[in-house]
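Here's the letter readout for the chains.
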Amino acid sequence: MTDVSLIMPVHNGGQWLEECLLSVVSQTFEGRVELSVYNDGSKDETLDILKKWKYKLEDRGITVIISGHEDEVPRGVGFAKNRAVNQSTGRCLCFLDADDVMHPNRISRQYSASCVHPSAIVGCKFHREPPDSTKRFTEWANSLSPMQLYTQVYTSHGPTVIMPTWCCMRQVFDRVGGFDEGGKGVPEDLIFFYHHLELGGQIVRVDQDLLMYRYHPHATTFSIEEDTIWAVRVAFIQRQVLDSSTHFSIWSVGKQGKRFFRSLSPANQAKVQMFCDVDEKKIKKQFYTYEKSKQRPKPKIPIVHFSQVKPPVIICVKMNLTGGSFEENLSSLNLVEGEDYFHFN
């Protein structure tokens, strides 16, 4: 049986594909590897490059499976990933985007971790190309502690181990049931990740930089509306945290805090005991009134200084943007992340 199947969905990846496939043949892993590619209606030289490299890869002992379609409209990343997985045979799945490049030890390190943690999505550290792109995001993802891989899953950054670095046993994929096939505009990786967690799945990160994650304007990430991701995140934090809480507070009575409140179900809106902030002008107002509430009289929610906030707290303040003052304020309260507060920012 094949040990590892590299899962590659591709749509018009010809510009980067040669470099990506070179990183496949450069792997140090000594087990059996196959490359499973689903070509999602590419109109560039993608298919020609794949056919040329098929012989090079097979000369190195790597089995290559290529399928796809030639329709005018691509069917989406979720569809392509599922087809690539379904045609593969490996007991372990290692996902690879056609515009990324693997470190020679990637498969070896992540396969070993997957064997130790067979119920986990196993990610790794990464670097970006160009180097200065998404600096805050990269630093956040690479610096999360093992516990924060779980506690910071509600942030706008998406999965705490990024999809291009995923590796997992086939049973993880089968348990979730594959990726959402809604097509363009669907955050299929985030939906899969949340479902995995709800089923009791684990998250593990190999703390070595094993992937060059390319940043470019044609990436599928840019086709997903922020409102769509917001709705998925709100639904998840309600299911995981708020629905079972009797009360909670919201840190920030600014735009994001108010938007978060408005996005909640009526039942969870009723559980908000207070907003907190550092802005004296906002605090002096004493109350936030939700004007569109159907309740009569309209609920008035107290606004307090952050030092007076009562946990649990949903934090709607962006990290690492205040010169450290927000982080110092939060630290001064001696709260426990994942119990007393949750980042939603």
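Predicted model only: the values in this text are computed from it and were never measured.

**Focus on the nonpolar core**
Here is step 1 of the chain: Ranked by internal contacts, the top residues of the largest apolar core, which has 106 residues, are Leu21 and Phe260.
Here is step 2 of the chain: At seven residues, the largest contribution of residues to this core is made by helix α9 (residues 226-242).
Here is step 3 of the chain: In this structure Leu21 touches Met8, Leu35, Ile49, Leu50, Trp53 and Leu57, once residues within four positions along its chain are discounted.

**Notes on the layout of surface pockets**
Here is step 1 of the chain: Roughly 280 Å³ of internal volume is contained in the second largest pocket.
Here is step 2 of the chain: Lining the second largest pocket are 17 residues, and of these Gln148, Gln152, Met319, Glu327 and His343 lie nearest its centre.
Here is step 3 of the chain: Of all the secondary-structure elements, those providing two or more residues to the lining of the second largest pocket are α5 (135-143), α13 (325-332) and β14 (341-343).
Here is step 4 of the chain: In terms of residues, the lining of the second largest pocket owes the most to one element, α5, which gives four residues.
Here is step 5 of the chain: Residue classes in the lining of the second largest pocket are distributed as six nonpolar, seven polar and four charged.

**Some points on the sheet that holds strand β12 (residues 300-305)**
Backbone hydrogen bonds hold the strands of a sheet together, and the pairing may be parallel or antiparallel.
Here is step 1 of the chain: Within the open sheet, the six strands sit side by side as β11-β12-β10-β9-β13-β14. Their pairing is mixed. The open sheet has two free edges, formed respectively by β11 (287-289) and β14, since each of these has just one partner strand. Strand-to-strand twist of the sheet, defined as the mean angle between neighbouring strand axes without regard to direction, takes the value 30°.

**Observations concerning the packing of helix α8 (residues 188-198) against α9**
Here is step 1 of the chain: The interhelical angle for the contact between α8 and α9, taken along N-to-C directions, is 5°, at an axis separation of 11 Å. The angle between the axes of α8 and α9 places the two elements in the roughly parallel class. Here Leu190, Ile191, Tyr194, Leu197 and Glu198 of α8 lie close against α9, whose contacting residues are Ile229, Val232, Arg233, Phe236, Arg239 and Gln240.
Here is step 2 of the chain: Grouping the amino acids of the contact of α8 with α9 by side-chain chemistry returns seven nonpolar, one polar and three charged.

Calculation rules
For every chain, the first residue of its written sequence is number 1, and the numbers climb from 1 along that sequence. Side-chain atom pairs in this predicted model are given and counted only at pLDDT of 80 or more, local residue features only at pLDDT of at least 70, and totals for whole chains, interfaces and linings cover all residues. The basis for the side-chain values is all heavy atoms of the structure; hydrogens and waters are excluded. By nonpolar core is meant a set of buried Ala, Val, Leu, Ile, Met, Phe, Trp, Tyr and Cys residues that side-chain atoms within 4.5 Å join together. Accessibility here uses a 1.4 Å probe with only protein chains present; expressed as a share of the type maximum, an area under 20% marks a residue as buried, one over 50% as exposed, and anything in between as partly exposed. The way it works is that DSSP assigns letters per residue, a run of H or I at least four long becomes a helix, a run of E at least two long becomes a strand, and they are numbered from the N terminus. Any two residues whose heavy atoms approach within 4.5 Å at even a single point are treated as in contact. We place a 1 Å grid over just the protein atoms. Points where a 1.4 Å probe fits but has no way out form a cavity, open points with protein on both sides within 12 Å along at least 5 of 7 lines form a pocket, and any residue with an atom within 4 Å of a point lines it. Grid points are joined across faces, edges and corners, and a volume is the space filled by probe spheres set on the points. Charged residues are taken to be Asp, Glu, Lys and Arg, nonpolar residues to be Ala, Val, Leu, Ile, Met, Phe, Trp, Tyr, Cys and Pro, and polar residues to be all remaining types, Gly included. Two strands are said to pair when DSSP picks up at least two bridges between them. Orientation is described by axes fitted as lines to C-alpha atoms, over the contacting stretch for helices, and by angles from 0 to 180 degrees between their N-to-C directions. For classification purposes, angles smaller than 35 degrees are called roughly parallel, those larger than 145 roughly antiparallel, those between 65 and 115 roughly perpendicular, and all remaining angles oblique.

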